[in-house]
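Spelled out, the chains give:
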Amino acid sequence: MSQVDAGADESTVAVPAAGPGAGRAPNPLWTFGFLRSELLTTFRRWRTLALLGVLAAVPILVGIAVKIETRDGSSVGAGGGEGPAFITQITNNGLFLVFTALAATLPFFLPMAIGVVAGDAIAGEANAGTLRYLLVAPAGRTRLLLTKYATTMAFCLVATLVVAVSALAVGALLFPLGDLTTISGTRIGFADGLARALLIALVVAASLIGLAALGLFVSTLTNSGIAAMATTVGLLITVQILDQIPQLHAIQPYFFSHYWLSFADLMRDPVYWDDLVRNLGLQGLYAVVFGSAAWARFTTKDITA
């Protein structure tokens, strides 16, 4: 009969001491196979595919809306409204739809998708009754937690690239492509602009690793996947609201979402790095703090499901 030790990093199995697998640590090939299995399981879920579909649809809707609004030659926002950053430039260059789509999805859609995947990472397994069986395999709690976090970060990258690629395809279909004007007013070539778009997508993906660690920590606190997902998304919304209150300006730079839109500085010439570095440093800090908290909680948790 299998038994999981709540206080140990590695799960223990009641097998004879002289058994061929006794005391044998999992090798790197097994670890890679475990990660591959987790990635396949995550990206084959209908929920994951639905989230990616919604993210891919946002640039399509934005592009069509801009095309309809400007079909008579008028400019975007002529009615007095203001849209996401770069939206007024889309009609001149479809590449700006990439920047606009990332700016439109980063405050809520992308983080919400990450919160769902991260919140379900551990709690979802416990809720399904499969967590104990994962620990009986030669994974160990630390290795399992790292694999879950790596899978969540992979989803961050894939989700961001889905938005960027969808926006690039729609922008190329509906609007002209070519040289573009930076925020600083200088002109850069299309290849340079495309490279900056890729770099911006990578920065946006990196901006979500702090939230991923927070969601993973929440996931270790409960056996309900729905509760973990709802709590993570609730924390996201709360932080976003607090970040807009002027009276809290002293603590706002420490919110994980405060520097999210700093990726726009990559469209300056020269690039303004200060807020970008602050953002990446803050995400690293959140990853270390909440990743450590998740590890401390998970390695001492009594696994009953």
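Novice: What is the right way to look at the pattern of salt bridges in this model?
Specialist: Two side chains bearing opposite charge may form a pair once their charged atoms approach each other closely. Per the stated rule, a full pass over the model turns up 6 salt bridges. In this structure, R47 engages D120 in a salt bridge whose closest nitrogen and oxygen atoms are separated by 2.7 Å. In this pair, R47 sits in helix α2 (residues 46-69) while D120 sits in helix α4 (residues 109-128), placing the two residues 73 residues apart along the sequence. By relative accessible area, D120 is classed as buried at 12%. Its salt-bridge partner being R268, residue D265 comes within 2.8 Å of it at the nearest N-O pair. Overall, D265 belongs to the buried group, its relative accessible area being 7%. With a relative accessible area of 31%, R268 lands in the partly exposed category.

Novice: Would you mind going over the confidence of the model for the protein with me for this structure?
Specialist: Low pLDDT marks regions whose predicted coordinates should not be analysed in detail. Across the protein, the average pLDDT comes to 84, with 83% of residues at or above 70. Low pLDDT (under 50) marks residues 1-24, which in the prediction has 35 contacts with non-local residues, meaning those over four places away or in another chain. The model gives residues 78-83 a pLDDT under 50, and that stretch makes 1 contact with residues more than four places away or in other chains.

Parameters and conventions
- Residues numbered from 1 in each chain as written.
- Predicted model: local features only at pLDDT ≥ 70, side-chain atom pairs only at ≥ 80, totals over all residues.
- Heavy atoms only, no water.
- Salt bridge = Lys/Arg side-chain N within 4 Å of Asp/Glu carboxyl O.
- Helix = DSSP H or I, 4+ residues; strand = E, 2+ residues; numbered from the N terminus.
- Buried < 20%, exposed > 50% of the residue type's maximum accessible area, 1.4 Å probe, protein only.
- pLDDT = per-residue confidence, 0-100.
- Contact = heavy atoms within 4.5 Å.

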